[in-house]
Every structure is written in structure tokens, then in C-alpha cells.
Amino acid sequence: MNTGIKIDNIEKSFGTNPVLKGINLEVTSGQLVSILGSSGCGKTTLLRIVAGLERATSGHVYFDEELQDLITVEKRAIAMVFQKALLFPSMTIGENVAFSLRASKNPPKDIDKRVEEMLELVKLPGFASRRPGELSGGQEQRVSLARALMRNPKVLLLDEPLSALDANLRVEMRNFIREIHDSFEMTTLFVTHDQEEAMTISDKIAFMESGVLEQYDVPESFVSTPESRKVAKFFGCRNVFSGTIVGDTFETAFGSLALGKNYSRGSLLAARQEDLQVTLGKSKYSFEATVVSWQFVGSRISIQCEIANSSNREKTEVIVESDRFADFKVNEKIFISYSPDRLHVINRDN
Amino acid sequence: MKLIFRPLFLGIFIFWIFFPFLSIIIWSVAAGWRFPDLLPERYSMRGYAVSFDPNGDILRGVITSTGIALTVGVIATAIGSAAGRAIAMYNFKMKKAFQFLVLAPLIVPGLAVTMGIQILFIKYGLSDTVRGVILAHLIPTIPYVVMIMSGTFANFDRAYEEQGQVLGASRATVLRKITLPIVLPGLAVSFLFAFVISWSEYILTLLVGGAAVKTLPMVLFAFLRGSDLTLVGAASIVFLIPPLILLRFTSKHLVGRSSSVTGLGSV
């Protein structure tokens, strides 16, 4: 597999404000990679640098080993879709889709036919003569996608294309984007702040926080093996305990927990709330806790507990999620059991 | 009461605006119109015959004025649009000072400036030339274009241009196919303003063009002194026609139906 996109130590500052602090990312050709992060993390800036719309303060961008830094936006083998559909108001839908063909030096002769084919692909057949204002948000975004694909890009850049759409449409459109990606030979970078969106459609996720690439991995790794506290928290892990590794156990303030794997370093332990279980009796891998409160989360129940620390006078908070609808009482003593191979030691604290 | 007042006020308003025109229209076809008469005794087309005489001053004035006003319209719209875009969309050093300088001609009396400019114009051989008059007319026209276009560009989403670029369009193509169609209403209104201001400019033309550049207002002033009111009437009607034709094609952009011209915004 060759490298589709290589982002080599990209740094970017706006004035004295650093936005990207040395990003390294290699995207395998043909993959769909999401750049995920909360707003202001620099993900859009990174995408704009890949597109050439923004100039990096330092670092390089390569497409298939070819340096892009000195290539202007319009000459890069890209196409980009923004959050807003940005259909050109003076043109019809068909003219919008044909834009890249007409702007090229040698416009092909069968433009109308190719436009119609592309509109069929995005499930808008016969829309060529309509005007941008007559379409719904989802339709506009599909036209925008069709217009981008018409350029036959080597790299497709999507900058939160679904954020402006309502929830149901978003789910439909993200699957559609995956389908489209698979039917073209291209590498796709998909910027989003929606964790679920990234998890569902990506081959890999690049998670960014405050201008730093925190983790770059396949989606399931962000749940099972988060590399930092921020990643664990962002992907919904509510129990992160500090402590030290002692042999094959992890010593926390409230006691020691058995580990399923050998870890050489790390001072944080991630235990996902849905991997913990409430048991009536004591078992080999369990600890005792006191119920503080509980609430329904969808069809499950989330129980907030406390464990008295053995090393100091404070208490450690633990969240357990259970699908058992039992009647819990405040201050009730319960046992929380875990399976050692589901615990994960994080080696970076930030 | 409302039913009576509305047509009444509308009537007064229309009368106020159009009554002077009415007397000009009548004068232009009157062969003699003395004081107590409500209407002229006799009518004649002499005024128009003189106005459209191919060798007459009026028709030549129309041609000179049209040429100058069209040129001024194009140049002022081009320069003013660039300045308006800069003011609306970019931040740069001394922006406030730049804005003030661009708009200063609206505040500083043009006459005072022209007196100074005239000396320079004489030095560079621009005095008494059409080129000189065109340059002088840019002084009062550019500020209006800047005001209109900075409002237009304040409402223009630069993302459209970026969208064009990421689809492979060069800067020139983006400007021609994306930006210009979007800001077209602003350009049309700017051109109208610049044309009309240049078309009716008298003092600047007089000072810079001297007797050599005879625009229509210069000719009209000469006739006014001659007290041939039939001729003045006809010439005035001729004077009105080109701006009205232009207004006919740009008026749809003036009445706020177009979202890109929102008053004289942002400055």
C-alpha cells in the first residue's frame, strides 16, 4: 500500500497563537480517515492546509510522495466539500456540477451526459435544470458532493459536510459518503466533531486536541485502548483512575486491580463503565462500593458509586453501567466486578 | 380619513417631483409662451430640431458627455470595487486612514481640491483635455462606488471563492464565473451612480476642461444664459434621457429586492 497523503510535521500559528503543534499523519491510499476533535482543535485548519487554502508555518504535505507545498490550490488533485453547500447562486444545479469540467483547459464534449450520470449517483436524477434555492439542505449537500466528485479527485476533503443537516439526515448521509468513497478510487479526509460519525464510517480516526494529534488508530482502539486521558474521556470512558503498575496489577487509591496484559509504564487506568458489572456477591475480580445515585441512560442504567480509599481518607468515584433493571438504594453496598483484559493502562497523562 | 389622505399626499408628492418637469416639457415644444397664458399659443419642434442637429453643440455635447460618463463609470466602478472589497473583507495596516482618504472627497469641497489639482494638470498637460476631465470626475465618483461596494462585499461569502478554487478554477475564472455574478447588483448600482454624477458634473469640467471639453452641462449652461427657453427645455429633456435609460436597467437592484446591495453599508 502506498501513502495517499503524508502530513509531515505541520505547524501553524495565527499571529502568536499556535493552532497546530507539529502534526504527523500518514493516510494509506484509498482509505477514508476522519479527523476528529472538538471545535477549535485545529482540525479544519489542518484540512485547509492539505487543500492549499492555508499555508503552514512549517512542515510539508505530500500526495503519493509528491510534495504539495508549492502547488497552488487549483492545481492540487483535490476536491473539497464545506459545511455549507456553497452552490453558486448564478448557476443551475447542472452548471454547478459541471463547474470543474467547464473550468478545465479542455472541457469534454459530453458534459451534459456526465452531469446527469453524476446526479443519478447522488440520487438526484433530473435535477440539472433546477436552481440552488429550490433544494433542501440534504439535497444541496449532495449536489456539492457531486460537484466535487466531478473533478475526479485523488484526494477528497470533507470539512464537516453534515454539521448543518438535521440528525436523521446526518445518519443517512454519512453512510452515503462511505458508499461514494468506496465506489471511487480516492483517499478521503473527513473532518468532524461527531464521534459517532467518525466511528461509523472511517477506516481510521485521527483524534486531535488543542493542535496536537492525540491518537491515530482504527475506530475500536479509541474505545479499547485509548492512549491518553483526553482520548478516553472524549470517547466516553467515565472511569480513569490514577495509580502505579506493580507487576501484573494496578495499584489505585482504593485497592489493586488485576491486569490482563503486561504494561511497562503508565499511571492511569481506564475502565469503561459498560465493562464493569454489578454483582451481588464478592468474586475474584471485584471491589466493594456504595451507591450514591443512579439514572436511566436510554435502556440502560448508570449507577454512580463511591469507594473508600485505603491510602487516604478520600473517596473514589466509580460509574457502572448496567442493563439489569434492579432496584438500587442510596447508600446500598454493592460489588462491582471487572474482567482484567478489559482494563487498559494509559501511558500518557495530559 | 386614511382613505382620503393617502391619495392626497401621494398626489402632492408626485406634483412636487414632476411639476418642474412638466413646465420643461411644455417649454421644449412651445413656440411662444407669455405670462398670463396657461398654455403656449403655438407649438413647434424647433427646440428638438436644434438639439438633434448633427453639427449642433447639443448633440456633440451628448456624445462627449456619454463618452466621458461611460468611461468614468467603468473606471470608478473598477477602482472603487477593489477598494470596497479591501475595506469590507480584509484587515490591513492604516485601514482607518485608508477609509478616510477614500471617502474624503465626499466631505472636502471638490472645488477647493480642483483648484490645487488644476495646477498639476496644467503641468502634466491634462488641462483642457478629455483625459483630464475623466480623471477629475473620478474624484467625486469613486467614494460612492466604495460605499456601495463595501456594503456589497460585506455580504459576500468568501467561501464561494474558496469553493471555486478547490474545484480547480484559477483566480481569473473564480472572479469571472463566481464573484462577479454574485456582486453584479452592486456593480450595476455603482456604475449608475458614477455615470449620473459624471454626467451632471459642471464645476470640475469647467475648471479642468476649460472651454475645450464641451460636455452637455457646459452647453446647457451656455443656453441658459442665452434665455431661449424653448431650446433650454428641449436640451434639458435630452439631458434627462441617458440617465433614465440607465436607471431602467439598474432599478431592480436599487429597491432592495437584491440581497447583495444593502444600503450604503459598512463604511
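Worth saying up front: this structure is predicted, and the values here are computed from it rather than measured.

What am I meant to see in helix α5 (residues 137-149) of chain A here?
Residue and element names in this part refer to chain A. Spanning 13 residues, α5 covers 18 Å between terminal C-alpha atoms, matching the ideal 18 Å at 1.5 Å per step. Along α5, eleven of the 13 residues are buried, which leaves the element largely enclosed by surrounding structure. Residues Gln139, Glu140, Gln141, Arg142, Val143, Ser144, Leu145, Ala146, Arg147, Ala148 and Leu149 constitute the buried set of α5. Contact partners of the buried residues in α5: β6 (78-81), α2 (93-97), α3 (99-103), α4 (111-121), β7 (155-159) and α6 (167-183).

What exactly am I supposed to notice about the domain arrangement of chain A here?
By a frequent convention, interface size equals the accessible area lost on bringing the separate parts together. Residue and element names in this part refer to chain A. Here chain A is described as being made up of domain 1 (3-230) and domain 2 (237-346). Facing six residues of domain 1, the contacting portion of domain 2 comprises six residues. Across the side of domain 1 that touches domain 2, the residue classes tally to one nonpolar, three polar and two charged.

Would you mind showing me how to read the sheet that holds strand β15 (residues 277-279) of chain A here?
Two orientations exist for strands paired in a sheet by backbone hydrogen bonds: parallel and antiparallel. Residue and element names in this part refer to chain A. Pairing is antiparallel in the open sheet, where five strands are placed in the order β15-β19-β16-β17-β18. Unpaired on one side and paired on the other, β15 and β18 (315-322) mark the two borders of the sheet. Neighbour to neighbour, the strand axes of the sheet diverge by 50 degrees on average, direction disregarded. The sheet contact formed by strand β16 (residues 286-297) and strand β19 (residues 333-337) spans five bridges and is antiparallel. What sits directly across from Thr290, in β19, is Lys333.

I keep staring at the packing of helix α5 (residues 110-123) of chain B against helix α6 (residues 130-154) of chain B and nothing clicks. Help me out?
Axis angle and axis distance: for two packed helices, these are the angle between their axes and the distance between the axes, and together they describe the pair. Residues and elements named next belong to chain B. Where α5 meets α6, the closest approach of the two axes is 11 Å, and the angle between their N-to-C directions is 150 degrees. When the axes of α5 and α6 are compared, the pair comes out roughly antiparallel. For α5 against α6, the interelement crossing comes out right-handed. Only Gly132, Ala136, Ile139 and Pro140 of α6 make contact with α5, whose side of the interface consists of Gly110, Val113, Thr114, Ile117 and Phe121. Taken together, the residues that form the contact of α5 with α6 break down as six nonpolar, three polar and no charged.

Hey, could you run me through the interface of chain B and chain A in this one?
Listed per partner, the contact involves 14 residues of chain B and 20 residues of chain A. Of all the elements in the fold, those that place two or more residues in the side of chain B that touches chain A are α7 (159-165) and α8 (171-199) of chain B. Tallying contributions element by element places α7 of chain B first for the side of chain B that touches chain A, with five residues. Class assignment for the residues of the side of chain B that touches chain A results in eight nonpolar, five polar and one charged.

Just to check I follow, could you spell out the pairing of strand β10 (residues 212-217) of chain A for this structure?
Taken residue by residue, a regular strand's side chains alternate between the two faces of the sheet. Pairing analysis gives five bridges linking strand β9 (residues 204-209) of chain A to β10 of chain A, with the strands arranged antiparallel. Counted as the bridge partner of Ile205 of chain A is Asp217 of chain A from β10 of chain A.

Can you help me understand the sheet that holds strand β3 (residues 32-36) of chain A in this one?
Residue and element names in this part refer to chain A. Across the sheet, which stays open at both edges, the six strands sit in the order β6-β7-β8-β3-β9-β10 with mixed pairing between neighbours. The strands lining the two open edges of the sheet, one partner per strand, are β6 and β10. The average angle at which neighbouring strand axes cross in this sheet is 15 degrees, direction not considered. Pairing geometry for β3 and β9, over four bridges, is parallel.

Calculation notes
Per-chain numbering applies: the sequence of each chain, read as written, is numbered from 1 onward. Going through the entries in the order they are written, you letter the chains from A and number the ligands from 1. Owing to the predicted nature of the model, reporting of local features is limited to residues with pLDDT of at least 70; listing and counting of side-chain atom pairs is limited to 80 or more, with chain, interface and lining totals taken over all residues. Secondary structure is summarised from DSSP: a helix means a run of H or I of at least four residues, a strand means a run of E of at least two, and numbering begins at the N terminus for each. Working rule for helices: expected span equals 1.5 Å times residues minus one. Backbone-placed C-beta atoms define the burial measure: a residue is buried with 20 or more other C-beta atoms within 10 Å of its own, exposed with 12 or fewer, and partly exposed in between. By the criterion used throughout, residues are in contact when their C-beta atoms, derived from the backbone, lie within 7 Å. Domain limits in this description derive from either an automatic procedure or a database domain assignment. Residue classes follow a fixed rule: Ala, Val, Leu, Ile, Met, Phe, Trp, Tyr, Cys and Pro count as nonpolar, while Asp, Glu, Lys and Arg count as charged, and any other residue, Gly among them, counts as polar. Here, strands pair whenever DSSP counts at least two bridges between them. The convention used is that axes are lines fitted to C-alpha atoms, helices contributing only their stretch in contact, and that angles between N-to-C directions extend from 0 to 180 degrees. Roughly parallel covers angles under 35 degrees, roughly antiparallel covers those over 145, roughly perpendicular covers 65 to 115, and oblique covers all other angles. Helix crossings fall into two classes, left-handed where the near helix is turned counterclockwise from the far one by less than a right angle and right-handed where it is turned clockwise.

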